[in-house]
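# Report on the structure
What follows is the residue order along each chain.
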Amino acid sequence: MMKIYEYKGFPNPARVRIALGEKNATDTVQFVSVDVPNGEHRTPEFLAKNPSGVVPVLELADGTLIAECTAITEYIDQVFAGPSLCGTTPVQRAKTHMMQRRGEAYLLEPVSAYFHHATPGLGPKLETYQNREWGEKQRGRAVDGMRYFDQVLSEHAYVVGDEFSMADITVFAGLLFSDFVNLEVPRECRALPAWRRKMEQRPSVAGCG
Ligand SMILES: N[C@@H](CCC(=O)N[C@@H](CS)C(=O)NCC(=O)O)C(=O)O
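Residues numbered from 1 in each chain as written. Predicted model: local features only at pLDDT ≥ 70, side-chain atom pairs only at ≥ 80, totals over all residues. Heavy atoms only, no water.

Turning next to the side chain of Gln 138. As for its placement among the helices and strands, Gln 138 is situated in helix H5 (residues 132–155). Beyond its immediate chain neighbours, meaning those up to four positions away, Gln 138 contacts Pro 110, Ala 113 and Tyr 114. (Helix = DSSP H or I, 4+ residues; strand = E, 2+ residues; numbered from the N terminus. Contact = heavy atoms within 4.5 Å.)

Note on strand geometry: in a regular strand, side chains alternate between the two faces of the sheet. Of all five residues in strand S1 (residues 2–6), four are buried, a share of seventy percent or more. As paired strands, S1 and strand S2 (residues 29–33) are joined by five bridges and run parallel to one another. By the bridge assignment, Met 2 is partnered in S2 with Val 29. Crossover handedness for the path S1 to helix H1 (residues 11–22) to S2: right-handed. Sheet topology places S1 next to strand S3 (residues 57–59); three bridges connect them, and they run antiparallel. Within the sheet, the bridge partner assigned to Ile 4 lies in S3 and is Leu 58. (Buried < 20%, exposed > 50% of the residue type's maximum accessible area, 1.4 Å probe, protein only. Pairing = 2+ DSSP bridges. Right-handed = clockwise from strand over helix to strand, strands pointing away.)

Okay, the site of the ligand next. Taken together, 15 residues are adjacent to the ligand, and His 41, Arg 42, Val 55, Glu 68 and Cys 69 come closest. Between the ligand and the protein, one listed contact pairs an oxygen atom with a side-chain N or O atom of His 41 at 2.8 Å. One of the side-chain N or O atoms of Glu 68 is found 2.7 Å from a nitrogen atom in the ligand. Burial of the ligand by the surrounding chains reaches 85%, relative to a free accessible area of 520 Å². (Near = heavy atom within 4 Å. Polar contact = N/O pair within 3.5 Å; in protein donor to acceptor, adjacent residues only side chain to side chain. Areas by Shrake-Rupley, 256 points an atom, 1.4 Å probe, with all protein chains shown as cover.)

Attention now goes to the packing of aromatic side chains. Scanning the model with the defined rule gives nine aromatic pairs in all. Relative to Phe 10, the ring of Tyr 7 lies with its centre 4.7 Å away and its plane at 65°, an arrangement referred to as edge-to-face. Phe 10 sits in the buried class, given a relative accessible area of 19%. In this structure an aromatic cluster arises from ring pairing among Tyr 7, Phe 10, Phe 115, Phe 177 and Phe 180. (Phe/Tyr/Trp six-rings, centres within 6.5 Å; stacked < 30°, edge-to-face > 60°.)

Structure follows, in structure tokens:
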């Protein structure tokens, strides 16, 4: 049985849970909770699994370790039956990759930087270096990212055209993280909240927290 090291309720682990839910495969994996708020992800044992010191991490039955949500979810997409999450044509696959990267670069990463640098983050024991000014700057970048995805979603039903994909899950996780830091979607954005309501109706999303 494959294992997922994670912390339930955090946005990046949620990406993996939603992907598994879309494939109806949640019950086929073992979730191992890593106590991130108390720094278990910084221990030598966990760093041996993922030198980046972040969750989630996938461990296969033969001991192979795969970190990074994009890699873990690509693996899930390939090994479980069900609708494709990463695209079936070369163009769909490339676009899904591109939009997932934007979901990370425009939203998840700036929100994370804001959380770690301009708020108490994971607390004084774990946040050993904070640069408040830089963190505040990332907040603005995250809001720009929300505006970008609002524009994208005003033109198409999903982040990559007309089909639900892994890119939707990545952007949704960005909004979950934004909630966590009380970063609101600008009022003038209409398409992004409408898409979010649609996402929340998916059983995979409703059951990820
Ligand atoms: N790029 C990584 C990001 C993972 C990540 O940042 N995970 C967070 C939880 S949502 C974490 O473990 N944070 C711990 C820390 O920053 O110390 C991925 O895609 O898996």
